[in-house]
Amino acid sequence: MERVTLAPERLEELISDGDIDTILVVFPDLQGRLMGKRVTGGFFLREVLHGSIEACNYLLAVDVDMTPLPGYRFANWEQGYGDFSAKPDLATIRLVPWLEKTALVMCDLVDEESGEPVEVSPRQILRRQLERAAALGYQIKIGSELEFFLFTDTYTEAAARHYRDLTPHSDWIEDYHILQTTRDEYLIRQIRNGMDAAGVPVEFSKGEAGKGQHEINLAYAEALEMADRHTIYKNGAKEIAALNDRSLTFMAKYDMSEVGSSCHIHSSVWDADGSTSLMHGEDDPDHLSPVFRHWLGGLVHATRELTWLFAPTVNSYKRFQPDSWAPTAVAWGRDNRTCGLRLVGHGQGHRVESRIPGADANPYLAFAGVIAAGLHGIENELDPGPALVGNAYTDPDVEHIPSTLVEAIELFDHSDVALAAFGEDVHFHLLNTARQEWRIFNSVVTDWELRRGFERL
């Protein structure tokens, strides 16, 4: 793979010349957000480049409000919430061109005393699945397609209105439209070009199926590299919007009158050095190689029980509506957008698209889920059954995606695939994260309840 990041020697030159003075030393949390510190250039070269930074381990045991959550073994009040170390992955150094004189490096988390990896950290969870694939002689490549809604309001204005009655950047659905996306281009172009300059290669942008909705597609890559790019892009798009007095959201469903925002995950299995795809089968009627057939069989078999990895919030499940472009069925079809699993491409580009994840998914966990399911299929030589022909929304024989977070938690709790793939400690940590999301939701009264019940009940 062509290097799209900075060599450490080049970063040192940029710091010495005064072109870079700040390094974002970061890692993903359980929500897929970037956490870390801003480090001065000189200190980074002296202490961090071949060392680490320290951070509180509560960062892998909090919700989106940064509230420490109960029920974790890894980090809790009884243990005093100590530190872990974040060691820079020097292959990930890149510029952040929309921030003045700033670069970024992704980190792996390790125990302060033993130096062993923190197994419950999202980057490590994905690494373990890639190690499983490598042991079988495979490299996994991924593409993630993220959608978002763009608003003319700033984030401050949106918060002041409790995120209600915002103004979409378009008055009409702009799916594939050039005229409306030209009106949005002052901002979308900044995101595209900013990502390219940050070592996050972009293929294209397009209007999507909602008012003010956009999709910017990143180049296909090895799975860990793709997860890093996805996370940097998602963070950067919000930063660029804020710098332009605009806001955007990656919520799975920000308004029930609008379509949802997805994170379609394209996956394929390649040989060990990543030079040749192993997916195309010349003699198979569906052009599936044995590897592809079993990979797809694993996805069909295990996707329901792993759904929480693709849809981690209460809001995630509002997206799964009939005739909404979001799937409701765990079925596969050839170029069939009503199916949760859609086969696309040909030759070296032959792959499966999971249309189930929403834009709110943590890419490290979602990719790990896809890989865990696919490898389960390969190891057990599972067959996906026949392709669905027709409308998966109305087919009476298909299995359905869990319709609520509660159902997804129950399936993940009893998932033999998840337990075997992730190990007991990681499975426990992720399951507690899911349960805490539901507990916290049940501790608040929503505006829907107030509207229906305050006066009329």
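Scope of this entry: the structure provided in the associated data block.

So, how was this worked out
Residues numbered from 1 in each chain as written. Predicted model: local features only at pLDDT ≥ 70, side-chain atom pairs only at ≥ 80, totals over all residues. Heavy atoms only, no water. Helix = DSSP H or I, 4+ residues; strand = E, 2+ residues; numbered from the N terminus. Buried < 20%, exposed > 50% of the residue type's maximum accessible area, 1.4 Å probe, protein only. Arc of directions from axis to C-beta. Contact = heavy atoms within 4.5 Å. Phe/Tyr/Trp six-rings, centres within 6.5 Å; stacked < 30°, edge-to-face > 60°. Lys NZ or Arg CZ within 6 Å of the ring centre and 35° of its normal. Axes fitted to C-alpha atoms, helices over the stretch in contact; angles between N-to-C directions. Parallel < 35°, antiparallel > 145°, perpendicular 65-115°, else oblique. Left-handed = near helix turned anticlockwise from the far one by under 90°. Nonpolar A, V, L, I, M, F, W, Y, C, P; charged D, E, K, R; others polar. Core = buried A, V, L, I, M, F, W, Y, C linked by side-chain atoms within 4.5 Å. Pairing = 2+ DSSP bridges. Patch = residues over 30% accessible without salt bridge, like charges linked within 9 Å, V, L, I, M, F, W, Y side chains within 5 Å. Areas by Shrake-Rupley, 256 points an atom, 1.4 Å probe, with all protein chains shown as cover. Salt bridge = Lys/Arg side-chain N within 4 Å of Asp/Glu carboxyl O. Lys, Arg positive; Asp, Glu negative; His and termini not counted. Charge placed at Lys NZ, Arg CZ, Asp CG, Glu CD. Expected span 1.5 Å × (residues − 1). Bend = angle between axes of the 7 residues up to and from the residue.

**So, unusual backbone geometry**
Most peptide bonds adopt trans geometry, and most residues besides glycine take a negative phi value. Positive phi values are uncommon outside glycine, yet Tyr81 reaches one of about 45°. By the secondary structure assignment, Tyr81 is in the loop between strand 3 (53-56) and strand 4 (83-88). Unlike most non-glycine residues, Asp323 shows phi in positive territory, near 55°. The residue Asp323 is located in the loop between helix 8 (307-310) and strand 13 (332-334) in this model. You can call Asp323 exposed: its relative accessible area is 62%.

**Here's the deal with helix 10 (residues 405-413)**
For helix 10, the complete set of buried residues consists of Leu405, Ala408, Ile409 and Phe412. An end-on view of helix 10 places all buried positions within 100° of arc, on one side of the element. In this fold, the buried residues of helix 10 make contact with helix 8, helix 11 (416-422) and helix 12 (424-441).

**Examining the packing of aromatic side chains**
In the structure shown here, the tally under the stated rule is eleven aromatic pairs. Measuring from centroid to centroid gives 6.3 Å for Tyr233 and Phe250, while their planes differ by 80°, and the two rings are edge-to-face. Pair noted here: Tyr233 is in helix 6 (residues 223-243) and Phe250 is in the loop between strand 11 (247-249) and strand 12 (263-271), with a separation of 17 residues, a long-range link. For the pair Tyr233 and Phe250, a shared accessibility class is recorded, and that class is buried. Ring geometry for Trp308 and Phe412: centres 5.8 Å apart, planes at 45°, overall tilted. Here Phe412 lies in helix 10 and Trp308 lies in helix 8, a separation of 104 residues in the sequence. Neither residue differs from the other here; Trp308 and Phe412 are each classed as buried. Members of the aromatic cluster, connected to one another through ring pairs, are Phe27, Phe74 and Phe84. Lys141 extends its terminal NZ or CZ atom over the ring of Trp270, reaching a point 3.8 Å from the ring centre. Directly above the ring of Tyr176 sits Lys206, whose terminal nitrogen or CZ lies 4.0 Å from the centroid.

**Quick word on the packing of helix 5 (residues 178-197) against helix 6**
For the pair helix 5 and helix 6, the least separation of the axes is 10 Å and the interaxial angle reads 140°. Taken as axis vectors, helix 5 and helix 6 run oblique relative to one another. Crossing hand, helix 5 versus helix 6: right-handed. Together, Leu187, Gln190, Ile191 and Met195 of helix 5 and Ile232, Tyr233, Gly236, Ala237, Ile240 and Ala241 of helix 6 make up the contact between the two elements. For the contact of helix 5 with helix 6, the class distribution of residues is eight nonpolar, two polar and no charged.

**Here's the deal with the nonpolar core**
Core analysis: the biggest nonpolar cluster contains 124 residues, and Ile191, Tyr233, Trp295 and Phe422 have the highest contact counts within it. In terms of residues, this core owes the most to one element, helix 9 (residues 363-379), which gives eleven residues. Dropping the residues within four chain positions of it, Tyr233 is found in contact with Leu146, Phe148, Ile191, Met195, Val200, Ile216, Leu218 and Phe250.

**Thoughts on the pairing of strand 2 (residues 34-40)**
Sheet topology note: the strand 1 (residues 22-28)/strand 2 ladder contains seven bridges and is antiparallel. Bridge assignment links Leu24 to a residue of strand 2, and that residue is Arg38. Counting the residues in the hairpin turn of strand 1 and strand 2 gives five residues, including Gly32, whose phi is positive at 85°.

**Comments concerning a negative patch on the surface**
There is a patch of like negative charges on the surface, built from Asp83, Asp111, Glu112, Glu113 and Glu116. Along the chain, Asp83 falls in strand 4.

**Details of the pairing of strand 6 (residues 102-111)**
With nine of ten residues buried, strand 6 is to be regarded as a mostly interior element. Note that strand 1 and strand 6 share five bridges and pair parallel. Following the sheet pairing, Val25 is matched in strand 6 by Val105. Sheet topology note: the strand 4/strand 6 ladder contains five bridges and is antiparallel. Paired with Pro88 across the two strands is Cys107, which belongs to strand 6. Two strands pair when backbone bridges link them, and strand 5 (residues 94-95) and strand 6 are joined in this way by two bridges, in the antiparallel orientation. Residue pairing in the sheet places Leu95 in a bridge with Ala103 of strand 6.

**Comments concerning the packing of helix 10 against helix 12**
The geometry of a pair of packed helices is captured by two quantities: the angle between their axes and the separation between those axes. Packing of helix 10 against helix 12 leaves a shortest axis separation of 10 Å and a crossing angle of 165°. One element, helix 10, and the other, helix 12, form an angle in the roughly antiparallel class. Regarding helix 10 and helix 12, the two cross each other, and that crossing is left-handed. Residue-level contacts link Leu405, Val406, Ile409, Phe412 and Asp413 of helix 10 to His427, Leu430, Leu431, Ala434, Arg435, Glu437 and Trp438 of helix 12. Considering only residue class, the contact of helix 10 with helix 12 consists of eight nonpolar, one polar and three charged.

**Considering a nonpolar patch on the surface**
On the surface, Val406, Trp438, Phe441 and Val444 cluster together into a nonpolar patch covering about 310 Å² of accessible area. With respect to the element layout, Val444 can be found in the loop between helix 12 and helix 13 (447-453).

**Things to note about helix 5**
An α-helical turn contains 3.6 residues, so any two residues separated by three or four positions project in the same direction. Helix length check: helix 5, at 20 residues, gives a terminal C-alpha distance of 24 Å against a target of 28 Å (1.5 Å per residue), a shortfall beyond 12%. When the local axis directions of helix 5 are compared, the greatest deviation, roughly 70°, occurs at Glu185. On its buried face, helix 5 is in contact with strand 7 (138-151), strand 8 (202-207), strand 9 (213-218), helix 6 and strand 11. Gly199 sits one or two positions beyond helix 5 and adopts a positive phi of about 75°.

**What about the pattern of salt bridges?**
Where charged atoms from two side chains of opposite charge approach closely, those side chains can pair. Applying the stated criterion across every chain yields a total of 28 salt bridges. The shortest N-O distance in the salt bridge between Arg73 and Glu424 comes to 2.8 Å. With Arg73 in the loop between strand 3 and strand 4 and Glu424 in helix 12, the pair connects residues that are 351 residues apart, well separated along the chain. Judged by its relative accessible area of 41%, Arg73 is partly exposed.

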